[in-house]
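Coordinate inspection notes
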Amino acid sequence: MLGEMPGGHMIKQVLRQLFAGLRGAPFAVHYWDGEIASYGAQGKSAFVLNFTRPPPARLEDPVVYLGECYMDGVLEIEGSWDALLGTMVASENTLFRRGATRALGWIGERLQARRERQQNNVRRHYDLGNDFYRLWLDESWTYSCAYFRHPDDTLEQAQRNKIALSLDKLAIRPGMRVLDIGCGWGGMALAAAQRGARVLGITLSAEQHEGARERIARAGLSDRVEIRLMDYLDLDGRREQFDRIVSVGMFEHVGQGHHDDFFARTSSMLQGGGLMLLHTITGPESRETNPWIEKYIFPGGHIPAPETLVAALPAHSFKLVHMESLRLHYARTLQCWLARYQAVCSEVVSMFDERFARMWTMYLRGSSAAFRGGDLDIHQMLVSKGNNNTLPRDWGYLYNSAAPLCWGEDGD
Ligand SMILES: C[S@@+](CC[C@H](N)C(=O)[O-])C[C@H]1O[C@@H](n2cnc3c(N)ncnc32)[C@H](O)[C@@H]1O
């Protein structure tokens with residue numbers, strides 16, 4: 001499987017072997033020379049992998065290889081991406097090979113080197129440019145899971161819902177000091193300030209820093225919101241204390257083996273009785289990081305397991321107050337982003353190039369499918385430092401629809 005292959009014939013053998021080892025839904029492969037083969041369970045193909053021309057002869061990592069084939073236009077994927085993602089999850093042992101070695105490679109890396117590498121990784125993603133994200137994010141520039149309270153909610157409305165839900169859970173009151181770790185373009189910070197809080201938002205992205213500051217100035221809230229370009233590792237609980245901490249879509253960057261450190265730091269910055277809302281993508285404990293995502297989208301990221309997060313709390317004086325999954329909300333958010341992204345794809349091609357544009361199509365489409373058909377989930381976890389005796393008596397006010405509005409059978 002590893003190393004150079006002399007040509008199309010050999011790579012076809014290798015791909016046949018690979019596809020024959022996959023478990024899950026029935027699928028078909030259209031090879032570049034006209035051969036059509038069926039794999040997986042019996043039945044009508046749930047998806048088709050269509051090789052439009054001979055792929056490169058070098059295959060080191062199956063997931064990265066197939067992802068690159070898609071980016072290069074060598075491979076088109078037709079049919080259900082949900083089923084494709086389901087097959088990838090069911091075939092993890094065949095497809096994901098490098099996790100253990102990668103984790104070992106990191107052991108012993110100096111803290112400073114880790115910090116620089118993580119910072120560069122994060123900046124590479126978020127500093128693609130405000131012009132790029134502005135093309136397809138909603139008007140609030142929120143780059144995280146929205147909350148589709150009602151089936152007809154637009155993305156804009158759903159992002160407003162998510163921000164309101166998060167601030168409601170945190171029971172923000174005027175005068176409170178709030179820290180937003182990973183504040184993006186400042187939407188949450190702005191909304192907290194509109195509720196009368198004094199907010200510090202931090203981000204590693206220079207583009208976000210500039211965008212958020214401009215936006216807050218335009219809203220006339222610069223006296224209540226400060227946005228700093230800094231790493232959360234440089235915050236110091238001895239100098240600054242907060243009543244509330246919120247962190248949305250940042251924890252995935254904290255990295256394997258550093259969760260305890262994150263909780264220790266946030267605990268040291270929170271007043272006794274203070275509340276923290278952690279909003280993060282989650283997955284099974286045994287989940288391997290997808291090597292294509294690792295290479296092209298989020299290097300150094302790690303998806304935590306919800307039970308690991310909960311287990312880590314008591315050592316840092318945190319108590320679990322409330323926790324919920326927003327899984328299908330993220331699938332819907334990603335669908336909305338994908339539709340908007342596809343509408344402006346030609347602009348993305350002129351900003352970057354065709355390969356980049358296809359890479360992002362794959363990322364958005366694959367991620368949406370991974371939340372519906374794969375093993376990704378997303379949780380909002382509300383914790384208190386020690387006891388908070390002023391919490392709401394019941395949480396009904398968060399979910400005040402008269403009757404529950406449910407997702408359809410297929411999660412749409
Ligand atoms: C997915 S974005 C979410 C942004 C925002 N919370 C939202 O919901 O739109 C992740 C954010 O985490 C920030 N981030 C990642 N690692 C960080 C670190 N070590 N210190 C501070 N911010 C970090 C990024 O700069 C980015 O703003």
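Residues numbered from 1 in each chain as written. Predicted model: local features only at pLDDT ≥ 70, side-chain atom pairs only at ≥ 80, totals over all residues. Heavy atoms only, no water.

Section: the site of the ligand
Near the ligand there are 20 residues, and of these Y143, S144, G182, Q208 and V248 occur at the shortest range. At a separation of 2.8 Å, an oxygen atom of the ligand approaches a polar backbone atom of Y143. The separation between a nitrogen atom of the ligand and a polar side-chain atom of D231 is 3.0 Å. For the ligand, whose accessible area on its own is 590 Å², the fraction buried by protein is 93%. The set of elements that each furnish at least two residues to the shell around the ligand consists of α6 (111-126) and β6 (198-203). (Near = heavy atom within 4 Å. Polar contact = N/O pair within 3.5 Å; in protein donor to acceptor, adjacent residues only side chain to side chain. Areas by Shrake-Rupley, 256 points an atom, 1.4 Å probe, with all protein chains shown as cover. Helix = DSSP H or I, 4+ residues; strand = E, 2+ residues; numbered from the N terminus.)

Some words on the side chain of K169
Positionally, K169 belongs in helix α8 (residues 155-169). Note on K169: relative accessible area 0%, which makes it buried. At a separation of 2.6 Å, a polar atom in the side chain of K169 contacts the side chain of Q380. (Buried < 20%, exposed > 50% of the residue type's maximum accessible area, 1.4 Å probe, protein only.)

Considering the sheet that holds strand β2 (residues 36-39)
Whenever strands of a sheet pair, they do so through backbone hydrogen bonds, lying parallel or antiparallel. Taking strand neighbours across the sheet as the criterion, the four strands line up as β2-β1-β3-β4 in an open arrangement whose pairing is mixed. Strands at the two margins of the open sheet, each flanked by one partner only, are β2 and β4 (75-79). For this sheet, the mean inter-axis angle between neighbouring strands, taken without regard to orientation, is 20°. (Pairing = 2+ DSSP bridges. Axes fitted to C-alpha atoms, helices over the stretch in contact; angles between N-to-C directions.)

Side note on the domain arrangement of the protein
Domain boundaries in the protein define domain 1 (7-95) and domain 2 (111-388). Between the C-alpha centres of domain 1 and domain 2 there is a distance of 33 Å. Listed as interface residues are 19 residues of domain 1 and, on the opposing side, 21 residues of domain 2. For domain 1, the biggest contributors to the area lost against domain 2 are Y70, M71 and W81; these three give 37% of the whole. For the pair domain 1 and domain 2, the interface holds four salt bridges. In this structure, the salt-bridge partner of D72 is R355, at a minimum N-O distance of 2.5 Å. At the junction of domain 1 with domain 2, the criterion picks out seven residue pairs in polar contact (both at pLDDT 80 or more). Looking at the side of domain 1 that touches domain 2, its residues break down into ten nonpolar, three polar and six charged. (Domains from an automatic or database assignment. Contact = heavy atoms within 4.5 Å. Buried area = accessible area lost by both parts, 1.4 Å probe. Salt bridge = Lys/Arg side-chain N within 4 Å of Asp/Glu carboxyl O. Nonpolar A, V, L, I, M, F, W, Y, C, P; charged D, E, K, R; others polar.)

Quick look at the packing of aromatic side chains
Note on aromatic pairs: each is described by the distance of the centres and the angle between the planes. Taken as a whole and assessed by the stated rule, the structure comprises 38 aromatic pairs. Where Y126 meets Y143, the ring centres are 5.9 Å apart and the plane angle is 75°; that geometry is what we call edge-to-face. Taken together, the residues Y126 in helix α6 and Y143 in the loop between α7 (130-136) and α8 connect sequence positions 17 residues apart. The same class applies to Y126 as to Y143, namely buried. Seen in terms of ring centroids, Y330 and W337 are 6.1 Å apart; in terms of plane orientation they differ by 80°. Their pairing is edge-to-face. Like W337, Y330 is buried. One residue, K12, lies across the ring of Y31, its end atom 5.2 Å from the ring centre. Directly above the aromatic system of Y70 lies the positively charged group of R358, at a separation of 4.4 Å from the ring centroid. (Phe/Tyr/Trp six-rings, centres within 6.5 Å; stacked < 30°, edge-to-face > 60°. Lys NZ or Arg CZ within 6 Å of the ring centre and 35° of its normal.)

A short note on the pattern of salt bridges
As enumerated under the stated definition, the model contains 20 salt bridges in all. Across the pair R340 and E156 runs a salt bridge, and its minimum N-O distance is 3.2 Å. One end of the pair, R340, is in helix α14 (residues 327-343); the other, E156, is in helix α8, with 184 residues separating them in the sequence. A residue is classified by how much of its surface remains accessible, and R340, at 26% relative accessible area, is partly exposed. Taking the relative accessible area as the measure of exposure, E156 reaches 18% and is therefore buried.

Re the side chain of R358
Relative to the helices and strands, R358 is located in helix α16 (residues 354-372). You can call R358 buried: its relative accessible area is 13%. For R358, the residues in contact, after removing those within four places along its chain, are Y70, M71, G73, L75 and E76.

Points about the sheet that holds strand β5 (residues 177-181)
Read across the open sheet, the seven strands follow the order β7-β6-β5-β8-β9-β11-β10; overall the sheet is mixed. Only two strands of the sheet have a single neighbouring strand rather than two, namely β7 (225-229) and β10 (318-325). Taken over all neighbouring pairs, the strand axes of this sheet differ in orientation by 15° on average, direction set aside. Bridge count for β5 against strand β8 (residues 242-248) is three bridges, and the pairing is parallel. Residue pairing in the sheet places L179 in a bridge with I245 of β8.

Remarks on helix α3 (residues 81-90)
Looking at α3, one finds that the buried residues are W81, A83, L84, L85, T87 and M88. Its buried side turned inward, α3 meets β3 (47-51), α2 (62-71), β4, α4 (92-95) and α16. The backbone nitrogen of D82 has a side-chain oxygen 3.3 Å away, supplied by the residue at the start of α3, namely S80.

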